[in-house]
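# Descriptive structure summary
Residues per chain are reported as follows:
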Amino acid sequence: MSDLNAESTAYRAALDVVRGVEPRIADAITKELADQRESLKLIASENYASPAVLLAMGNWFSDKYAEGTIGRRFYAGCQNVDTVEAVAVEHATALFGAPYAYVQPHSGIDANLVAYWAVLADRVEAPRLKKLEKRQVNDLTDAEWAELRAAFGNQRMLGMSLDAGGHLTHGFRPNISGKMFDQRSYGVDPATGQIDYAALRETAREFRPLLIVGGYSAYPRKVNFRIMREIADEVGATFMVDMAHFAGLVAGKVFTGDFDPIANAHIVTTTTHKSLRGPRGGAVFCGPELSDQVDRGCPMVLGGPLGHVMAAKAIAFAEARRPEFAQYAQAIVANSRALAEGLSRRGVKLVSGGTDNHLALLDVHPFGLTGRQAEQALLSSGIVTNRNAVPSDPNGAWYTSGIRVGTPALTTRGLGVAEMDQIAELIHTVLGATTPAAGSKAKYQLDPALADRVSKQASELLAPYPLYPEVDLG
Ligand SMILES: *Cc1c(COP(=O)(O)O)cnc(C)c1O
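Residues numbered from 1 in each chain as written. Predicted model: local features only at pLDDT ≥ 70, side-chain atom pairs only at ≥ 80, totals over all residues. Heavy atoms only, no water.

## Points about the environment of Asp472
- On the secondary structure map, Asp472 appears in the segment after helix H20 (448-462).
- Looking at Asp472, the relative accessible area reads 39%, which means it is partly exposed.
- Asp472 sits 468 residues away from Leu4 along the chain, and the two C-alpha atoms are 8.3 Å apart.
- For Asp472, the side chain forms a polar contact with the main-chain nitrogen of Gly474, separated by 2.8 Å. (Helix = DSSP H or I, 4+ residues; strand = E, 2+ residues; numbered from the N terminus. Buried < 20%, exposed > 50% of the residue type's maximum accessible area, 1.4 Å probe, protein only. Polar contact = N/O pair within 3.5 Å; in protein donor to acceptor, adjacent residues only side chain to side chain.)

## Observations regarding helix H16 (residues 371-380)
- For H16, the complete set of buried residues consists of Gly371, Gln373, Ala374, Glu375, Ala377 and Leu378.
- One or two steps after H16, the chain reaches Gly382, where phi turns positive at roughly 80 degrees.

## Description of the nonpolar core
- If you look at the biggest cluster of nonpolar residues, it comprises 58 residues, and the most contacted ones within it are Phe96, Ile212, Met228, Met243, Phe246, Leu276 and Phe285.
- With 7 residues, the single largest contributor to this core is helix H4 (residues 79-96).
- Residues lining this core come from more than one domain, with at least three contributed by each of domain 1 (61-320) and domain 2 (324-462).
- Leu40, Leu369, Leu415 and Val430 belong to the second largest nonpolar core, which has 34 residues in total. (Core = buried A, V, L, I, M, F, W, Y, C linked by side-chain atoms within 4.5 Å. Domains from an automatic or database assignment.)

## Focus on the UniProt feature "modified residue: N6-(pyridoxal phosphate)lysine" (unreviewed entry) in the chain
- The feature "modified residue: N6-(pyridoxal phosphate)lysine" (unreviewed entry), as given by UniProt, occupies Lys274 in the numbering adopted here.
- Position of Lys274 among the secondary structure elements: in the loop between strand S9 (267-271) and strand S10 (282-286).
- Looking at Lys274, the relative accessible area reads 12%, which means it is buried.
- Dropping the residues within four chain positions of it, Lys274 is found in contact with Ser45, Asn47, Ala244 and His245. (UniProt positions renumbered as here; feature names shortened; annotations may be inferred. Contact = heavy atoms within 4.5 Å.)

## Quick word on the sheet that holds strand S4 (residues 100-102)
- As summarised here, the arrangement of the 7 strands in space is S4-S10-S9-S8-S7-S5-S6, forming an open sheet in which the pairing is mixed. The sheet is open, and its two edges are formed by S4 and strand S6 (181-186), each paired on a single side. Between one strand axis and the next, the sheet turns through 20 degrees on average, direction left out of account.
- Strand direction decides the pairing type here: strand S5 (residues 155-160) and S6, joined by 6 bridges, are parallel. By the bridge assignment, Met157 is partnered in S6 with Gln183. (Pairing = 2+ DSSP bridges. Axes fitted to C-alpha atoms, helices over the stretch in contact; angles between N-to-C directions.)

## Quick look at a nonpolar patch on the surface
- On the surface, a nonpolar cluster with roughly 230 Å² of combined accessible area is contributed by Val18, Ile25 and Ile29.
- Examined against the element boundaries, Val18 turns out to sit in helix H1 (residues 6-19).
- On the basis of relative accessible area, Val18 is assigned to the partly exposed category, the value being 31%. (Patch = residues over 30% accessible without salt bridge, like charges linked within 9 Å, V, L, I, M, F, W, Y side chains within 5 Å. Areas by Shrake-Rupley, 256 points an atom, 1.4 Å probe, with all protein chains shown as cover. Salt bridge = Lys/Arg side-chain N within 4 Å of Asp/Glu carboxyl O.)

## Here's the deal with the packing of aromatic side chains
- Counted under the stated rule, the structure contains 11 aromatic pairs.
- Aromatic side chains Phe246 and Phe255 sit 5.7 Å apart centroid to centroid with 55 degrees between the ring planes, which places their arrangement in the tilted category. Side by side, Phe246 and Phe255 carry an identical accessibility label, which is buried.
- Grouped by ring-pair contacts, the aromatic residues Tyr216, Tyr219, Phe225, Phe239, Phe246 and Phe255 constitute a single cluster.
- Seen from the ring of Phe259, Lys222 lies directly overhead, with NZ or CZ sitting 4.5 Å from the centre.
- Over the ring of Trp398 we find Arg387, and its NZ or CZ is 4.5 Å from the ring centre. (Phe/Tyr/Trp six-rings, centres within 6.5 Å; stacked < 30°, edge-to-face > 60°. Lys NZ or Arg CZ within 6 Å of the ring centre and 35° of its normal.)

## Quick notes on the UniProt feature "domain: Serine hydroxymethyltransferase-like" (unreviewed entry) in the chain
- The sites that carry the UniProt feature "domain: Serine hydroxymethyltransferase-like" (unreviewed entry) are, in the present numbering, residues 21-121 and 155-427.
- Across residues 21-121, helical content stands at 52% and strand content at 9%; the span's end C-alpha atoms are separated by 46 Å.
- End C-alpha atoms of residues 155-427 are separated by 45 Å, and the span's content is 42% helix alongside 18% strand.

## So, the pairing of S10
- In terms of burial, S10 is largely enclosed, as 5 of its 5 residues are buried.
- Residues Gly282, Val284 and Cys286 of S10 are buried on one face, and the alternating residues Ala283 and Phe285, pointing to the opposite face, are buried as well.
- Sheet topology places S4 next to S10; 3 bridges connect them, and they run antiparallel. Note on S10: the bridge partner recorded for Ala101 is Phe285.
- Pairing analysis gives 5 bridges linking S9 to S10, with the strands arranged antiparallel. Along S10, the bridge assignment pairs Thr269 with Val284.

Quick look at the structure:
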C-alpha cells in the first residue's frame, strides 16, 4: 500500500468500505471505470472530472441541510456549508467574469427552472406587488392572487427549435417549461444550417416574448449573443442564455466578445459536468437586478442544496481558472474541427458544413440510414455517439437522421487532431458498410468481422491515452 499514490490509495480504501456493505455496488463502481476506460466516447455532453472533483463529493456535507443562502440559512450550524458555497461562488464569478453566481442548482434543468422563476418573479410578480402596494404574495386578496397566477401562466418565451438544436426545457410542450410558457421557436436557415437572425428578429417583433432563450444542445456553430441581446432590448424581452453544453468554451475564453453569453445576457444558466468538466450539477449567473430572485431558488424551486456537490463545483471552478484549462478548451475545438474536416473530406454530410465549437452533427440520410441505425452500428464497432435530430428531420425525434459527435471527453484523455482524423476514418468505414434492414428504422446489417476490426482499431487509438492514469484499483 505504501508505494501507491494518493488517488489509488483513496479509491482502494473507499471501495473496501463500500464492499463491506454491498459488494455489488463496489463491483459496479469498479466496472464503470473499466468500461469508461475502454470506450471511445464521442458523446458531446459527457466528460471526465478530475479525481479531486470526484473525491470532494464523498463526505459529510451530504448529511447537512442548508436551505437558504450564505449566512441566511433556514437551518442552524451551516458555517462550513457557507464556506464551501462562498468559495464556489468566488471561483465561479472570477472564472466567468460574472457579477453574481448561484451554485446550488442540482442540474442544468434545475438551473433553468430557477432562472425562469426568477424572471417571472421579476417581470410579473414584483410589478404587481408594487402597484398594489403589497409586500409579499401572502398579502394579496384572493382575487389579486388569482390574477397573478393567471398572469404567471400566460407569458411568452422564444427559444431555439428542438430540431435546430434547442433543449426540451426551452419551452417545449412535453416539458414543464412548455406548460409554464406560451412558446414560439426560432431555427436555422435551411440553406446554411446556421441561425437566421433576421427571421429571429422578425418573430420577436411580432410575438413580443417576455423571455428570449439562447443556447443549445446540438448546434455546431458559435452564436452571436450580442445580436440576440439587441433583439431582446428592442422588444423589451429578458435575454437568457443556457450555456449547459459550451460553458467550458466560455470559461476557456474560446467564446469571447459577441459570443460570450455572460457579457451579453441578463441571466445565464449552465450545467457543470459537460465541457466544464466538473461534478454533475448546475449554476445560474446574473447581475444585481435578478440576484435576489435567483437566491430564492432553494426552497422555492429546488430541494436542499447539495453541499458535497458544491464542494466539488468549487474544485472544478478553481481548476478551470488555471491556464491549462484555456489550453484544454482550445484543444476541444481544434479536435472538433479536425474530426469534422476528416468526415467532410471523406464525403460525410455535416449540418452547417462544419463546426466552430465542441460538436458536429452528421446527416446520415445519404447513407440510407436513420440516426438510430447509425448510432447502433457505431456502438457495435466500439464508437459511442448518440443519435440526434437534424433540422427539419424527416425521421422525427426518436429515429432521427443525425449523429452528434463531441470532443470534450476524448480531449480530456489527451487525444489530438491526428487521432481525430483516424476516428473520422473509422466512422466513415462503419457508416459506409452499414445497410438498413428492409422496412425497419431501427434494424441494420453490418459485417461482424468489420465491426470487430473497427473496435480493435478504436482500442488501439485509446491505448496511449489511459483514462485516470493516476488511479490504479489493483
Ligand atoms: C444538458 C442540458 C441541460 C440539462 O442538464 P441536466 O444537468 O441534465 O439537467 C439543459 N440545457 C441544455 C442546453 C443542455 O444541453
